[in-house]
2 protein chains.
Amino acid sequence: MKKLINRPDDVVREELQGIEKAHPDLVKVHYDPHFIVRADAPVQGKVGIVSGGGSGHEPMHGGFVGRGMLDAACPGEVFTSPTPDQMLEATKAVNGGAGVLHIVKNYTGDIMNFEMAAEMAQAEGIEVTSVVINDDVAVQDSLYTAGRRGVGGTVLAEKICGAAAERGYDLQRVTELCERVNANVRSMGMALTSCVVPSAGEPTFDLGENEMEIGIGIHGEPGRQRMEIQPADRITEMLMEPILSDLPFQEGDEVLAFVNSMGGTPLIELYIVYRKVAEMLEERGITIARNLIGPYITSLEMAGVSITLLKLDDEMKELWDDPVVTPGLRWGA
Amino acid sequence: MKKLINRPDDVVREELQGIEKAHPDLVKVHYDPHFIVRADAPVQGKVGIVSGGGSGHEPMHGGFVGRGMLDAACPGEVFTSPTPDQMLEATKAVNGGAGVLHIVKNYTGDIMNFEMAAEMAQAEGIEVTSVVINDDVAVQDSLYTAGRRGVGGTVLAEKICGAAAERGYDLQRVTELCERVNANVRSMGMALTSCVVPSAGEPTFDLGENEMEIGIGIHGEPGRQRMEIQPADRITEMLMEPILSDLPFQEGDEVLAFVNSMGGTPLIELYIVYRKVAEMLEERGITIARNLIGPYITSLEMAGVSITLLKLDDEMKELWDDPVVTPGLRWGA
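A brief structural summary. (Residues numbered from 1 in each chain as written. Chains lettered and ligands numbered in written order. Predicted model: local features only at pLDDT ≥ 70, side-chain atom pairs only at ≥ 80, totals over all residues. Heavy atoms only, no water.)

Overview of the interface of chain A and chain B
The cut-off we apply is this: Here a residue-residue contact requires only that any non-hydrogen atoms of the pair lie within 4.5 Å. Accessible-area loss on putting two parts together, using a 1.4 Å probe and summing over both, is the definition of buried area adopted here. In what follows, salt bridge is the name for a side-chain nitrogen of Lys or Arg lying within 4 Å of a carboxyl oxygen of Asp or Glu.
Counting residues at the interface gives 59 residues for chain A and 59 residues for chain B. Carbon and sulfur atoms supply 64% of the area that chain A and chain B bury against each other, a total of about 4,600 Å² over both sides. A per-residue breakdown of the area chain A buries against chain B is headed by K2, L4 and I268 of chain A, which together make up 20% of the total. Taken together, the connections running from chain A to chain B amount to four salt bridges.

Rendered as structure tokens:
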């Protein structure tokens with residue numbers, strides 16, 4: 001296992017210590033239970049937004065805590081759901097009296113634990129809503145999921161809803177917006193290599209020297225198809241076609257196109273993929289009004305790419321452009 | 001070779017096409033010869049800043065073209081110097097009448113070609129200065145270098161000098177500032193894995209299953225020492241100690257600490273390294289006044305990390321904080 005770590009058991013705690021030392025102006029880190037909150041939490045009168053999930057997908061979610069995005073994130077161990085007490089403490093820490101939205105990726109453990117935390121928070125008098133993100137068109141049901149998995153759409157929902165909460169939207173309006181983002185976003189990913197979970201010490205799955213997996217999950221869960229490596233343009237088509245036909249995206253639509261590295265794929269390759277994404281959308285009369293290119297929802301050092309398309313409306317576009325100041329995403333302020 | 005590419009010969013051109021499609025608000029891409037300029041170049045009365053070098057280090061340099069950083073970047077083929085005609089055309093394209101600074105990483109081919117381009121531009125009446133960045137403490141002379149290699153310090157010099165040019169510093173003042181940044185910055189890197197140059201199709205070097213290389217160059221050039229993998233804290237010490245003793249950095253100094261991924265190392269590991277960097281500086285009474293953590297000067301998909309420390313003065317700090325709006329680095333606007 002070739003990693004820049006000390007003991008596998010200390011990976012998440014030491015990462016949090018690094019985040020704490022690096023970004024004291026933006027976030028505070030709490031330990032036992034682990035969670036990251038924005039430095040000025042709770043913001044009185046603002047809807048709080050909490051997300052979380054297994055570690056290993058950085059910068060998601062901890063890197064998205066700050067102004068204009070998440071109020072708190074709960075990191076589990078690598079690829080392991082955080083616990084209800086993490087989510088409860090995070091929810092309490094960000095409650096400014098206007099209620100708290102939980103943005104939950106559709107994995108069975110995350111759903112169960114966030115539900116439990118929501119009930120406990122409600123018992124303490126905090127209004128909590130939840131939106132489950134399930135944008136991955138690759139497979140119906142999966143190793144850790146009933147229904148579709150939540151992937152890249154989560155990053156976009158967190159940015160857009162974070163801006164809305166910052167603007168003063170009330171809980172119902174932020175929640176409805178999050179549901180609208182989820183209803184209009186579709187993703188699919190692929191892997192060239194596996195990743196190695198530190199506590200396991202060996203690859204999650206095996207791919208042959210010339211093999212790739214289309215439709216991979218962000219924990220290395222099986223996708224649609226394992227096959228010989230194809231050129232980037234063909235791979236892009238294999239990801240884009242199921243995404244486009246699913247919503248479906250149509251001529252005249254404006255979209256946000258998000259090309260994401262699974263962790264080990266460098267930027268030079270993401271731009272080659274983006275080029276083909278843009279060509280395919282041009283051919284179909286679909287306009288890329290916004291884009292995001294880089295490693296934002298990763299699977300440790302897995303080599304591969306995912307593509308996410310969000311059908312935009314004017315409100316989403318404006319909220320996307322609003323300032324965001326977090327360790328992992330920053331502009332406009 | 002597991003990469004998201006089409007034909008190896010098309011990698012750089014297709015990447016540039018992707019950048020062109022992704023960021024028309026920020027940059028324009030020219031082909032034959034290849035270079036990237038900010039969309040509003042030339043800015044009249046402003047010093048132009050041009051950098052460049054082999055591709056494969058993205059986002060450096062093309063991702064740093066925009067407001068508040070570079071005016072143009074010249075990408076060569078992967079790990080291959082750009083040609084003098086690229087540099088000449090870029091220099092002419094950004095000349096707003098106040099002269100042009102070339103920021104050059106210390107590699108023999110880059111130096112030679114930038115010198116030739118500077119002479120040709122001067123012959124056409126453009127005032128050109130050059131600063132060579134040579135911040136890598138790992139080795140004296142190397143496969144492609146006489147003297148020390150230019151690595152992570154280049155990113156910092158480009159940001160700080162870009163801000164100075166944006167503020168209206170004249171050519172002499174921007175040039176002196178760039179020399180001062182170079183005089184106060186030190187770096188060292190290491191690799192856990194090699195990378196694969198697309199046209200070669202196989203790893204640049206071989207590392208055993210449990211081996212790492214300390215002092216690696218950004219093209220996989222040999223470093224100081226090949227040895228068994230150590231814990232992240234020990235690796236961080238092996239990089240930090242030669243950096244700290246070289247300047248030397250001293251009690252009371254304020255520094256910018258830059259922890260950089262070589263491409264294949266995920267953010268979770270960078271924060272583990274940053275944690276140890278911060279601890280070591282605290283112990284020595286050195287304050288981290290600014291930081292940068294992420295993949296900014298990469299070696300394709302190489303797994304590994306580099307650390308760069310810059311001794312800051314007040315002017316550099318202010319310039320660092322100035323707005324920057326580029327595809328690869330963005331804040332404050």
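Examining the sheet that holds strand β2 (residues 35–38) of chain A
Residues and elements named next belong to chain A. Test applied: At least two DSSP bridges between two strands are required for those strands to pair. Going along the chain from the N terminus, every DSSP run of H or I of four or more residues is numbered as a helix, and every run of E of two or more is numbered as a strand. Angles here are taken between N-to-C directions and fall from 0 to 180 degrees, while the axes themselves are lines fitted to C-alpha atoms, restricted in helices to the stretch in contact.
Judged by pairing direction, the sheet is mixed, and its six strands sit side by side in the order β1-β2-β4-β3-β5-β6 without closing on themselves. A strand with exactly one partner marks an edge of an open sheet, and here the two such strands are β1 (27–30) and β6 (128–133). Averaged over all adjacent pairs, the angle separating strand axes in this sheet is 20 degrees, with direction ignored. Judged from the six bridges that link them, strand β5 (residues 100–105) and β6 form a sheet pairing that is parallel. Within β6, the residue paired with V100 across the bridge is V128.

A few points about helix α7 (residues 267–283) of chain A
All names here are of chain A. How we decide: Between the first and last residue of a helix there are one fewer steps than residues, each counted as 1.5 Å, and that sum is the expected span. Only protein chains enter the area calculation, which uses a 1.4 Å probe; residues under 20% of their type maximum are buried, those over 50% are exposed, and those in between are partly exposed.
Here α7 contains 17 residues, and its C-alpha end-to-end distance of 24 Å stays within 8% of the 24 Å for a straight helix at 1.5 Å per residue. Summarising burial for α7: 14 of the 17 residues are buried, a large majority. Immediately beyond the C-terminal end of α7, within one or two residues, lies G285, with a positive phi of roughly 70 degrees.

Side note on the layout of surface pockets
Put simply, the rule is: Buried and open spaces are told apart on a 1 Å grid over the protein atoms alone, a cavity being a set of points where a 1.4 Å probe fits but cannot get out and a pocket being an open set with protein on both sides within 12 Å along at least five of seven lines. Residues with an atom within 4 Å of a point are the lining residues. Grid points are joined across faces, edges and corners, and a volume is the space filled by probe spheres set on the points. Throughout, the ten residues Ala, Val, Leu, Ile, Met, Phe, Trp, Tyr, Cys and Pro are labelled nonpolar, Asp, Glu, Lys and Arg are labelled charged, and all others, Gly among them, are labelled polar.
Within this model, the second largest pocket holds a volume of roughly 1,300 Å³. Looking at the second largest pocket, it is lined by 43 residues, and the ones nearest its centre are K2, T193 and S194 of chain A together with T193 and S194 of chain B. Residues of the lining of the second largest pocket, tallied by class, amount to 18 nonpolar, twelve polar and 13 charged.

Focus on the state of the cysteines
The test is simple: Any pair of cysteine sulfurs within 2.5 Å is marked as a disulfide.
Overall, the coordinates contain zero disulfides over all chains when judged by the stated rule. The structure places no disulfide on C161 of chain B, whose sulfur is separated from the nearest cysteine sulfur, that of C178 of chain B, by 3.8 Å.

A few points about the pattern of salt bridges
For the coordinates displayed, the defined rule picks out 58 salt bridges over all chains. With a closest N to O distance of 3.3 Å, K92 of chain B and E124 of chain B form a salt bridge. A residue pair is termed long-range when its members are at least 10 positions apart, and K92 of chain B in helix α2 (residues 84–94) and E124 of chain B in the loop between α3 (108–123) and β6 (128–133) qualify at 32 residues. Here E254 of chain B ties to K317 of chain B by a salt bridge, and the two come within 2.5 Å at their closest N and O atoms. On the criterion of sequence distance, the pair formed by E254 of chain B in strand β10 (residues 254–261) and K317 of chain B in helix α8 (residues 314–321) is long-range, its members being 63 residues apart. Salt bridges linked by common partners bring R38, D40, K46, D71 and E166 of chain A together as one network.

Section: the environment of P295 of chain B
Residues and elements named next belong to chain B. Within the fold, P295 resides in the loop between β11 (287–294) and β12 (304–311). Overall, the relative accessible area of 32% leaves P295 in the partly exposed class. Here the alpha-carbon distance between P295 and K92, two residues 203 residues apart in the chain, equals 30 Å. Setting aside residues up to four positions removed in sequence, P295 forms contacts with P59, N260 and S261.

Here's the deal with the packing of helix α4 (residues 153–167) of chain A against helix α5 (residues 171–183) of chain A
Describing two packed helices takes the angle between their axes plus the distance from one axis to the other. Residues and elements named next belong to chain A. Cut-off, in case you're wondering: Angle categories are assigned with fixed cut-offs, so that under 35 degrees is roughly parallel, over 145 is roughly antiparallel, 65 to 115 is roughly perpendicular, and the rest are oblique. Handedness of a crossing is defined here by the sense of rotation of the near helix relative to the far one, left-handed for an anticlockwise turn of less than a right angle and right-handed for a clockwise turn.
Interaxial distance between α4 and α5 falls to 10 Å at its minimum, and their mutual angle equals 155 degrees. Considering their axes alone, α4 and α5 lie roughly antiparallel with respect to each other. Where α4 crosses over α5, the handedness of that crossing is right-handed. Along the contact surface, α4 presents A157, I160, C161, A164 and A165, while α5 presents V174, L177, C178 and V181. Its residues assigned to classes, the contact of α4 with α5 shows nine nonpolar, no polar and no charged.

Re the relation of the copies chain A and chain B
Quick reminder of the rule: For the least-squares superposition of copies, only C-alpha atoms count, and only for residues with pLDDT at least 70 in both.
Least-squares fitting of chain A to chain B yields an RMSD of 0.0 Å, with the superposition described by an axial translation of 0.0 Å and a rotation of 180 degrees. Accordingly, the operation relating the two chain copies is best matched by a two-fold axis. No C-alpha of chain A approaches the rotation axis more nearly than that of G264 of chain A, which lies at 2.1 Å. Most of the interface of chain A is mirrored in chain B: 100% of its interface residues are interface residues there too.

Quick look at the environment of Q140 of chain A
Residue and element names in this part refer to chain A. Assignment of secondary structure puts Q140 in the loop between β6 and α4. Overall, Q140 belongs to the exposed group, its relative accessible area being 57%. Separated by 83 residues in the primary sequence, Q140 and G223 place their C-alpha atoms 10.0 Å from one another. Excluding its chain neighbours within four sequence positions, the residues that come into contact with Q140 are G147 and R148.

Observations concerning the pairing of β11 of chain B
All names here are of chain B. Definition in use: By convention, a crossover is right-handed whenever its connection, traced from the first strand over the helix to the second and viewed with the strands pointing away, goes clockwise.
Inspection of the sheet shows β10 paired to β11 by seven bridges, in the parallel sense. Looking across to β11, one finds that F258 is bridged to L292. Considered for its hand, the β-α-β crossover made up of β10, helix α7 (residues 267–283) and β11 is right-handed.

Observations regarding a negative patch on the surface
Spelled out, the test is: By definition, no residue in a patch forms a salt bridge, and every one has over 30% relative accessible area; like charges are joined within 9 Å, nonpolar side chains (Val, Leu, Ile, Met, Phe, Trp, Tyr) within 5 Å. Reported accessibility uses the Shrake-Rupley method at a 1.4 Å probe radius. Residues are deemed covered only where the shown protein chains occlude them. Residues scored as charged are limited to Lys and Arg (positive) and Asp and Glu (negative), so that His and the chain ends carry no count. One atom stands in for each charge, and that atom is NZ of Lys, CZ of Arg, CG of Asp or CD of Glu.
Together, E127, D170, E176 and E179 of chain A make up a negatively charged patch on the protein surface. Along the chain, E127 of chain A falls in the loop between α3 (108–123) and β6.

Description of helix α1 (residues 11–22) of chain B
Helix length check: α1 of chain B (twelve residues) gives 16 Å between terminal C-alpha atoms against 16 Å at 1.5 Å per residue, within 8%. Every buried residue belonging to α1 of chain B is among V11, V12, E14, E15, L16, G18, I19 and A22 of chain B, and all of these are buried. Turning to α1 of chain B, the residues buried within the fold contact α7 and β11 (287–294) of chain A together with β1 (27–30), β2 (35–38), β3 (48–55) and β4 (72–78) of chain B.

Regarding empty space enclosed by the protein
Scanning all chains against the criterion turns up four cavities of 30 Å³ or more. The volume enclosed by the largest cavity comes to roughly 150 Å³. Among the elements of the structure, α1 (11–22), β3 (48–55) and β4 (72–78) of chain A together with α7 of chain B are those that each provide at least two residues to the lining of the largest cavity. Top element by residues in the lining of the largest cavity is β3 of chain A. It accounts for four residues. When the residues that make up the lining of the largest cavity are grouped by side-chain class, the tally is ten nonpolar, seven polar and two charged.

Purely geometric stuff here, so don't read any function into it on its own.
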